[in-house]
Amino acid sequence: MISIRRSLTLWLIPGLLAILAAGGAGLFFTVRSILTSDFDASLRIKAQALATLIKSEDGQIEVEFLNDRMTAFDRGMEPEFFEIRSEDGAVLGRSGNLGSLDLQARPGSFDAPDFRNVNLPDGRPGRAAGIRFRPVSEVEEEGRPVVEPAAAGGEVTLVVARDRTDLDKTLAAIGVGIGGIGLGMIAASAFMVGTAVRRGLRPLDHLSDRVASIEASSLSERFPADAMPAELKPVCGRLNDLLARLEQSFQRERRFSANVAHELRTPIAELRSMAEVALKYPEDEAADARTIREALAIAIQMQTLVETLLRVGRCQSGRECVRRESVPLSKLVEEVWRPLETPARNKGLVVSNELPSDTVIDTDPGLFRTIVQNLLSNAVEYAPAGGRVGIGWIRTNGGFEVKVDNTCESLTPDDLSHLTEPFWRKDAARTNSSHAGLGLTLASECARLLSMELSADLSTGNQLNQLRMTLHAGSV
Amino acid sequence: MRILFVEDSVRLRQSVGAGLKKAGHAVDSTGDGPEGLWYAESNEYDVIILDWMLPGMDGMEILGKLRDNGKQTPILFLTAKDTVDDRVEGLQSGADDYLVKPFAFEELLARVQTLARRGYGVRTARIAVADLVIDTASKTAARKGKPVDLTPREYKLLEYLAHRQGEVVTRTEIEERIYDEHAEPMSNVVDSTVCGLRRKIDRPGAASLLHTRRGLGYVLGEAKS
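What this report covers is the structure whose coordinates are included nearby.

### Regarding the overall build of chain B
Right, on to step 1. Across its full length, chain B holds eight helices and 11 strands.
Right, on to step 2. Evaluated residue by residue, chain B yields a buried proportion of 53% over its 225 residues.
Right, on to step 3. Partitioning the intrachain contacts of chain B with sequence separation of at least 6 by distance along the chain shows that 57% fall at a separation of at least 24.
Right, on to step 4. As presented, chain B carries roughly 10200 Å² of accessible surface, and 49% of it is formed by carbon and sulfur atoms.

### Brief notes about the sheet that holds strand E9 (residues 156–163) of chain A
All names here are of chain A.
Right, on to step 1. Spatially, the five strands line up as an open sheet ordered E4-E3-E9-E6-E5, and their pairing is antiparallel. The open sheet is flanked by strand E4 (91–94) and strand E5 (114–119), the only strands paired with a single partner. Each adjacent strand pair in this sheet contributes to an overall mean axis angle of 20°, direction not counted.
Right, on to step 2. Of the strand pairs in this sheet, strand E3 (residues 80–85) and E4 are connected by three bridges, and their pairing is antiparallel. Within E4, the residue paired with Arg85 across the bridge is Val91.
Right, on to step 3. Relative to the sheet, helix H1 (residues 4–51) contacts E3, E5, strand E6 (125–133) and E9, its axis offset from that of E9 by approximately 135°.

### Brief notes about the packing of aromatic side chains
Right, on to step 1. In the structure shown here, the tally under the stated rule is seven aromatic pairs over all chains.
Right, on to step 2. Their ring planes at 20° and their centres at 5.2 Å tell us that B:Trp52 and B:Phe77 sit as a pair that is stacked. Pair noted here: B:Trp52 is in the loop between strand E3 (47–50) and helix H3 (59–68) and B:Phe77 is in strand E4 (residues 75–79), with a separation of 25 residues, a long-range link. Here B:Trp52 and B:Phe77 have matching classes, each one buried.
Right, on to step 3. An aromatic cluster is defined as three or more aromatic residues linked by ring pairs; in this entry it consists of B:Trp52, B:Phe77 and B:Tyr98.
Right, on to step 4. The ring of A:Phe39 carries the charged tip of A:Arg162 above its face, separated from the ring centre by 5.6 Å.
Right, on to step 5. Over the face of the ring belonging to B:Trp52 we find B:Lys81, whose NZ or CZ atom lies 4.9 Å from the ring centre.

### Some points on the layout of surface pockets
Right, on to step 1. Empty space within the largest pocket amounts to approximately 1200 Å³.
Right, on to step 2. For the lining of the largest pocket, the secondary structure elements donating two or more residues are helix H4 (233–280), helix H5 (285–316), helix H8 (365–382), strand E14 (399–408), helix H9 (439–449) and strand E16 (465–473) of chain A.
Right, on to step 3. Residue contributions to the lining of the largest pocket peak at nine residues, all from H8(A).
Right, on to step 4. Looking at side-chain class alone, the lining of the largest pocket contains 19 nonpolar, 16 polar and eight charged residues.
Right, on to step 5. Looking at the lining of the largest pocket, you find at least three residues from each of domain 2 (233–315) and domain 3 (322–473) of chain A.
Right, on to step 6. Taken as a whole, the second largest pocket encloses approximately 580 Å³ of empty space.
Right, on to step 7. Of all the secondary-structure elements, those providing two or more residues to the lining of the second largest pocket are H4 of chain A together with helix H4 (84–92) of chain B.

### A word on the packing of helix H6 (residues 152–163) of chain B against helix H7 (residues 171–178) of chain B
Residue and element names in this part refer to chain B.
Right, on to step 1. Two numbers describe how H6 lies on H7: the axes approach to 10 Å, and their chain directions differ by 120°. Accordingly, the angle class assigned to the pair H6 and H7 is oblique. Note that H6 runs across H7; the crossing there is right-handed. In this structure, H6 contributes Arg153, Lys156, Leu157 and Tyr160 to the contact, and H7 contributes Glu173, Ile174, Arg177 and Ile178.
Right, on to step 2. Residue classes in the contact of H6 with H7 are distributed as four nonpolar, no polar and four charged.

### Re the packing of helix H1 (residues 10–22) of chain B against helix H5 (residues 105–119) of chain B
Residue and element names in this part refer to chain B.
Right, on to step 1. Their axes nearest at 11 Å, the elements H1 and H5 cross at an angle of 55°. By the angle between their axes, H1 is oblique relative to H5. As H1 runs across H5, the sense of the crossing is right-handed. Residue-level contacts link Val16, Gly19 and Leu20 of H1 to Phe105, Leu108 and Leu109 of H5.
Right, on to step 2. Each residue belonging to the contact of H1 with H5 can be placed in one class, and the counts come to five nonpolar, one polar and no charged.

### Some remarks on the nonpolar core
Right, on to step 1. Of all hydrophobic cores here, the largest spans 46 residues; its most connected members are A:Leu329, A:Phe368, A:Ile371, A:Leu376, A:Val402, A:Met452 and A:Leu471.
Right, on to step 2. Of all elements in the fold, only H5, helix H6 (329–337), H8, strand E13 (388–396), E14, H9, strand E15 (453–459) and E16 of chain A reach the threshold of two or more residues within this core.
Right, on to step 3. With eight residues, H8(A) is the largest single contributor of residues to this core.
Right, on to step 4. Each residue touching A:Leu471, except ones within four places of it in the same chain, is listed here: A:Phe368, A:Ile371, A:Phe400, A:Glu401, A:Val402, A:Ala447, A:Met452, A:Glu453 and A:Leu454.
Right, on to step 5. In this structure, B:Tyr155, B:Leu157, B:Val169 and B:Tyr218 belong to the second largest nonpolar core, which totals 25 residues.

### Description of the pairing of E13(A)
Regular strands place side chains that alternate from one sheet face to the opposite one.
Residue and element names in this part refer to chain A.
Right, on to step 1. Both strand E11 (residues 350–354) and E13 contribute to a ladder of five bridges, which runs parallel. Across the sheet, the residue bridging to Val351 is Val389, located in E13.
Right, on to step 2. Where E13 meets E14, eight bridges bridge the pair, whose relative direction is antiparallel. Looking across to E14, one finds that Gly390 is bridged to Asp405.

### Concerning the interface of chain B and chain A
Right, on to step 1. On the chain A side, the residues contacting the 22 residues of chain B number 23 residues.
Right, on to step 2. Taken together, the two surfaces of chain B and chain A that pack against each other cover about 2100 Å², and 60% of this comes from carbon and sulfur.
Right, on to step 3. It is B:Arg11, B:Lys22 and B:Pro102 in chain B that bury the most area against chain A; as a group they hold 31% of the surface buried on that side.
Right, on to step 4. Salt-bridge contacts for B:Arg11 lead to A:Glu294; the nearest nitrogen and oxygen are separated by 2.6 Å.
Right, on to step 5. Counting every contact that joins chain B to chain A gives 10 residue pairs in polar contact (both at pLDDT 80 or more).
Right, on to step 6. Listed by contribution, the elements that provide at least two residues to the side of chain B that touches chain A are H1 and H5 of chain B.
Right, on to step 7. Tallying contributions element by element places H1(B) first for the side of chain B that touches chain A, with six residues.
Right, on to step 8. Per-class residue counts for the side of chain B that touches chain A are 13 nonpolar, three polar and six charged.

### Digging into the sheet that holds E3(B)
Residue and element names in this part refer to chain B.
Right, on to step 1. The five strands are arranged E2-E1-E3-E4-E5 in an open sheet whose pairing can be described as parallel. The two strands at the open ends of the sheet, each matched to only one other strand, are strand E2 (26–30) and strand E5 (97–100). On average, each strand axis in the sheet is tilted by 20° relative to the strand beside it, whichever way the strands run.
Right, on to step 2. Pairing of E3 with E4 involves three bridges; the strand directions are parallel.

### Side note on the environment of A:Gly474
Residues and elements named next belong to chain A.
Right, on to step 1. Its location among the elements puts Gly474 in the segment after E16.
Right, on to step 2. Expressed as a C-alpha distance, the spacing of Gly474 and Glu453, which sit 21 residues apart in the sequence, is 9.2 Å.
Right, on to step 3. Once residues within four sequence positions are removed from consideration, Gly474 is found in contact with Gly398 and Gly399.

### Re the pairing of E9(A)
Residue and element names in this part refer to chain A.
Right, on to step 1. With eight of eight residues buried, E9 is to be regarded as a mostly interior element.
Right, on to step 2. Judged by which residues are buried, E9 turns out to be covered on both faces: Val156, Leu158, Val160 and Arg162 on one side and Thr157, Val159, Ala161 and Asp163 on the other are all buried.
Right, on to step 3. Two elements, E3 and E9, share six bridges in a ladder whose sense is antiparallel. The residue bridging Glu83 from the neighbouring strand is Val159, located in E9.
Right, on to step 4. When E6 meets E9, the two strands line up antiparallel, connected through eight bridges. Directly across from Arg132, in E9, lies its bridge partner Thr157.

Basis of the calculations
Residues numbered from 1 in each chain as written. Chains lettered and ligands numbered in written order. Predicted model: local features only at pLDDT ≥ 70, side-chain atom pairs only at ≥ 80, totals over all residues. Heavy atoms only, no water. Helix = DSSP H or I, 4+ residues; strand = E, 2+ residues; numbered from the N terminus. Buried < 20%, exposed > 50% of the residue type's maximum accessible area, 1.4 Å probe, protein only. Contact = heavy atoms within 4.5 Å. Areas by Shrake-Rupley, 256 points an atom, 1.4 Å probe, with all protein chains shown as cover. Pairing = 2+ DSSP bridges. Axes fitted to C-alpha atoms, helices over the stretch in contact; angles between N-to-C directions. Phe/Tyr/Trp six-rings, centres within 6.5 Å; stacked < 30°, edge-to-face > 60°. Lys NZ or Arg CZ within 6 Å of the ring centre and 35° of its normal. 1 Å grid on protein atoms, 1.4 Å probe; cavity = no way out; pocket = protein on both sides within 12 Å on 5 of 7 lines; lining within 4 Å. Points joined across faces, edges and corners; volume = space filled by probe spheres on them. Nonpolar A, V, L, I, M, F, W, Y, C, P; charged D, E, K, R; others polar. Domains from an automatic or database assignment. Parallel < 35°, antiparallel > 145°, perpendicular 65-115°, else oblique. Left-handed = near helix turned anticlockwise from the far one by under 90°. Core = buried A, V, L, I, M, F, W, Y, C linked by side-chain atoms within 4.5 Å. Buried area = accessible area lost by both parts, 1.4 Å probe. Salt bridge = Lys/Arg side-chain N within 4 Å of Asp/Glu carboxyl O. Polar contact = N/O pair within 3.5 Å; in protein donor to acceptor, adjacent residues only side chain to side chain.

Have a look at this one:
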């Protein structure tokens, strides 16, 4: 399993380890180089100083050893060693403490000796500097001694060596120190990395725990995006959006279940109670006839409900056939309006019809009739007495809109998003059993099949609001 | 028994209300939430049958207000809300019983009678007053094993007095229990019902069980010597 924590740790610790190791090694080698350079510089100076004691006289090489310059070659503590060879390799002079050991060196120039590590007579590690040069000669000119390079006698090789044990000890101590500090830093870094990763990922752990605790009953909770680190704010924002959509969906589902339960259970309860009471307490024929008429009315109501539900289901699953033809809009609306005329008149509704008489639209007449029927019957049903119902039509870019509006009393802007929800009704008690809350659902599904869209707007007025249902169509 | 039935479905209100009346109960009914609350607060009922989804004020709110005001009347929720959460919510909010629509009328009747019995602290359908036994399930009475033929009004009165045996029941209480809001109780009807009941249960040779406390009311029980 991919783990951010493990991934960060596996990258950071070896990375830090490599950086620290490289740094430590670099430091050590730098220090070693400096110390060795100092050692070599001192050796070079020594060799150059000794070289001044080597002179050429009458073609012969002579070494003038001065006691005060030779003490280093005799001492027991950190002794130095030298060897002088002629051009042909003959030993011209060497320090007594060399014994039988030869100081091997590939000589460099007077100013740039060749340095190399050597083994000293008692097995100690040493470092040698070798120079090749032409000894000077001292002649008298006008009674004064003058030093000049020897005209004859050739070059000599001088190798000076010194015990490097102390240098090595110093370097070892520095190495151990750097190593020890490095190990300590690695351990501290590993701890810091672990702590930093843990602390850094803590908000993610908290978020993860919160997400894991979300259930169907806690969808109203929201994550505190403001309190989150910047990297998690967008994640929290999205999660909150998702929760809001889930909550709405669950609420819609709960509403639907409750509404379906009411719409289906209540008429069945009515039918059952009527029948059971009539059977338990039989009365006269007139009472029986009343009971049977009521039962019939309930059966018809349930039949309508079932047929509407099935039709909505067919529309949603695409099994409702669409057959387009030219439909005279005004004539269709007149036919739909006819059965609504009496209820509208009884309520004293003011009706306005702004449909042009000659408009013909290309659509499925059955589906379009269903849409208009539901829009107009809803308008008449829910407009208050003395209110207004209107129907209009406008041409749009490449299409048209049919508008049905009515005055209404109880709808609020928050209700608009629910209007086409199956079984949604403003009256939570669902007292009026003639409307199940499926009309606009069916109208919306029929519109979708016809590639149209049904929208709702509410404009608020002083005493009454106006609901407008608009059917948007792409083509005439 | 006096029952309040609050249900917004007209058909259900009419059919169930008629059935409860035919079963011998006095029934007040309304389809409106606020009116239902007013009825419940203004009168004493043995049982209230309450729909949940009501216009104006839902059943849960009515229940809450009644319980907050100390009303202990047994309440049965009669509703289409059928989930476990709904039932739990209804019962935990103070309802005494919960019946989901559609329902069997006989079951509603039995549950209502059980709630009323419980309201009187009676656990069985049979109430004994000395050698007089009243069977509230079959709505019959018998003294020393012999059936007593009672009119519906006489039986209602006997059952109420039996639930309150040993207590003085006033005329007003009798009127409230025996008659629904549509009846016009007159004082002599209560007297004549009491008289008719006494004649049938207090037979010659048997100890008198129905006593008048002048100026106070009536009490059913064995006479205290």
